[in-house]
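# Report on the structure
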Amino acid sequence: MTDRFDCFYCRDDLHGKKYIKKDERPVCVRCFDKFCANTCTECRRPIGTDSKELHHKGRYWHEDCFRCFKCYKGLAKESFSVKDDKIMCGKCSSREDAPRCHGCYKSILPGDENVEYKNNVWHDSCFTCYQCKLPIRTKSFLTKGEDVYCAPCHQKKFGKHCFHCKQAITSGGVTYQDQPWHSDCFVCHTCRKPLAGTRFTSHEEHAYCVDCYKSTVAKKCSGCQSPITGFGKGINVVNYEDKSWHEYCFNCKKCSLGLANKPFVVKGEAIYCPDCAKKV
């Protein structure tokens, strides 16, 4: 009589049938799947005898379930790494450990061109001007608050602009009536000679060089007939009715006494001190 060879669980005869040894005990396929199969870490279903089983550090997977946590690439025949109990392919693992771009927040992988500034890092193509949106790359840049600007955009947005031509003043320049000007734009209203660094005066909101002011704008002294410019010795002026004099020309016609801030008498085109006026 043949010895019995039964399943440890259901006691079915295993002669001529497929079976699995579990802890040195024979188990039929049905009972193995029901009582002994490991649970797949990924899908949580039993890993039956008809499936290929993969295991790593006490955890088990169906072959098709052993995939990268990030990209779902099958890893049964690929190298992999584990981070926080997550299985990842080499590429995704590199991305996970790589620094994040401050612009697009994607990983900056080894070999990617990048820019580091104030403890932050960007892809080279993500480090862009806040105004024109073009990559800064090797160009110079300036900041305003947290925003980065290429030099031309920063100058255009925040720099001084010439009161005359409205273009940006990149260097130098002059200030006139609290307004910025290019040195080349600040010129005499008549002869167009540059006035920066020279003596000039203004009339009706226009600036004039000394020569043009004398010849085209300044009043003529009723005494010496020379222009009254307000420069040098002729800085003080006496006005009477529609006439003007240099202070040093406002004298008695007879005795030459200076009459600025003194009583005087006008007779015809001449001025006299009171004493001389009595004798004329």
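Structure's up top.
Residues numbered from 1 in each chain as written. Predicted model: local features only at pLDDT ≥ 70, side-chain atom pairs only at ≥ 80, totals over all residues. Heavy atoms only, no water.

## A few points about the pattern of salt bridges
Think of it this way: side chains of opposite charge can pair up when their charged atoms draw near. Let me state the cut-off plainly: Any Lys or Arg side-chain nitrogen found within 4 Å of a carboxyl oxygen on Asp or Glu counts as a salt bridge. Comment: elements are numbered from the N terminus, with helices defined as DSSP H or I runs of at least four residues and strands as E runs of at least two. Buried means the residue's accessible area, taken with a 1.4 Å probe over protein chains only, is under 20% of the maximum for its type, while exposed means over 50%, and partly exposed covers the values in between.
The final tally for this structure, using the stated rule, is four salt bridges. Salt-bridge contacts for Arg30 lead to Asp12; the nearest nitrogen and oxygen are separated by 3.3 Å. Here Asp12 lies in the segment before β1 (19-22) and Arg30 lies in helix α1 (residues 29-36), a separation of 18 residues in the sequence. Under the relative-accessibility criterion, Arg30 is labelled exposed at 54%. The partner of Glu269 in a salt bridge is Lys243, with the nearest N and O atoms 2.5 Å apart. Of the two residues, Glu269 sits in the loop between β17 (265-267) and β18 (270-272) while Lys243 sits in strand β16 (residues 243-246), which places them 26 residues apart along the sequence.

## Re the packing of aromatic side chains
Put simply, the rule reads: Pairing of aromatic rings covers Phe, Tyr and Trp, the last through its six-membered ring, and needs centres within 6.5 Å; plane angles under 30 degrees mean stacked, over 60 mean edge-to-face, and all others mean tilted. Only Lys NZ and Arg CZ are tested; either one counts as a charge over a ring when it is within 6 Å of the ring centre and within 35 degrees of the ring normal.
In the structure shown here, the tally under the stated rule is 21 aromatic pairs. Plain terms: the ring middles of Phe66 and Phe80 are 5.1 Å apart, the flat faces sit at 90° to each other, and that makes the pair edge-to-face. Taken as a pair, Phe66 in the loop between β4 (59-62) and β5 (80-83) and Phe80 in strand β5 lie far apart in primary sequence, 14 residues in all. Residue classification places Phe80 among the partly exposed positions, given a relative accessible area of 33%. Centre to centre, the rings of Trp181 and Phe186 are 5.4 Å apart; their planes meet at 65°, and the pair counts as edge-to-face. By the ring-pair criterion, three or more aromatic residues cluster together here, those being Phe163, Tyr176, Trp181, Phe186 and Phe200. Sitting over the ring of Phe69, Lys86 keeps its end group 5.1 Å from the ring centre. Over the ring of Tyr130 we find Lys133, and its NZ or CZ is 4.8 Å from the ring centre.

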